[in-house]
Amino acid sequence: MSDIHFLIRLAEDDDDFILGLVPRFVDFSLPKWRKRHECIEGIRKDLGRHLDEQPANSYVFVAENDDGDRVGFIHLQKTQDYFTGRINCHISDLAVSPRHEGQGVGKALIAHAEDWAREHQCQLVTLAVFPGNERARALYEAAGYHVDLLRLAKPTH
C-alpha cells in the first residue's frame, strides 16, 4: 500500500470528525477497573479542551486521503522528560477511521509525528497504550517503539 499518500494537516474545523473517533480508544478489552463510558467521556473531554483552547504545547493533525476524505488524526504534545529535562513529543491520541484501517493511515500518522518531533528537536517520541489494544501495540512495535516505563495500577476498593 505504499502508493497511497495522505495529506496530514493541522486540524481546523474537524472537531466532530475527531471526537467521533473517540470510541475507537476503548474498542478492546480494558483493565477490569476501567469503565468504557468513563474512558470515552474522559478522552472526549480532554480532546475537546485541546481543540477549543489550543494550548501552546498541543497539536492536532488530521490525515486526508487523495479523495479529500478525513481518514484519521493524531494529537501530539510537547512534554518535558522527567529524567533528562529535555523536550519529548508525546503521541496523546491516534485514531484511524474504521473504514480506512489497513491502508497505512496509522503508519503515516506515526511517520508524521516522528518527522515533527525531529523538526522540534524532541529527544524521544513517547506514547501510552492499553495492554488490551493489540492492534495499536502491533502498529507501534512494528514502527520500532519499545517499552520505556510500565505504569502499574491497583484499585483501592
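Residues numbered from 1 in each chain as written. Predicted model: local features only at pLDDT ≥ 70, side-chain atom pairs only at ≥ 80, totals over all residues. Heavy atoms only, no water.

Chemist: Tell me about the sheet that holds strand β2 (residues 58-64), residues and numbers included.
Modeler: Taken in spatial order, the 5 strands line up as β1-β2-β3-β4-β5 in an open sheet, and their pairing is mixed. The outermost strands of the open sheet, each flanked by one partner alone, are β1 (7-10) and β5 (125-127). The sheet shows a mean angle of 30 degrees between the axes of neighbouring strands, direction not considered. Where β2 and strand β3 (residues 70-80) come together, 7 bridges link them in antiparallel fashion. Considered in β3, the bridge of A63 is made with G72. With respect to the sheet, helix α2 (residues 36-53) is in contact with β2, β3 and β4 (87-96), its orientation differing from that of β3 by roughly 80 degrees. (Pairing = 2+ DSSP bridges. Helix = DSSP H or I, 4+ residues; strand = E, 2+ residues; numbered from the N terminus. Axes fitted to C-alpha atoms, helices over the stretch in contact; angles between N-to-C directions. Contact = heavy atoms within 4.5 Å.)

Chemist: Before we move on, could you go through the pattern of salt bridges and cite the residues and values that matter?
Modeler: Taken as a whole and assessed by the stated rule, the structure comprises 8 salt bridges. Among the salt bridges present, the one from D115 reaches R118, with a minimum N-O distance of 2.6 Å. Of this pair, D115 and R118 both sit in helix α3 (residues 105-119), 3 residues apart, which is roughly one turn of that helix. Taking the relative accessible area as the measure of exposure, R118 reaches 55% and is therefore exposed. Three or more residues joined by partner-sharing salt bridges are found here, namely R9, D14, E64 and R70. (Salt bridge = Lys/Arg side-chain N within 4 Å of Asp/Glu carboxyl O. Buried < 20%, exposed > 50% of the residue type's maximum accessible area, 1.4 Å probe, protein only.)

Chemist: Lay out the nonpolar core with the relevant residues and their values.
Modeler: The biggest cluster of nonpolar side chains holds 21 residues, and the ones touching the most others in it are I74, L76, I91, L94, V105 and L109. Only β2, β3, β4, α3 and α4 (134-142) provide two or more residues apiece to this core. The leading source of residues in this core is α3, at 6 residues. Setting aside residues no more than four positions away along its own chain, I91 makes contact with I74, H75, L76, A113, V125, T126, L127, A128 and Y145. (Core = buried A, V, L, I, M, F, W, Y, C linked by side-chain atoms within 4.5 Å.)

Chemist: Any details on the side chain of H75? Residues and values, ideally.
Modeler: Residue position: H75 is located in strand β3. Judged by its relative accessible area of 0%, H75 falls in the buried class. Setting aside residues up to four positions removed in sequence, H75 forms contacts with L47, H50, S58, Y59, V60, H90, I91, S92 and D93.

What is shown is where atoms sit, not what they do.
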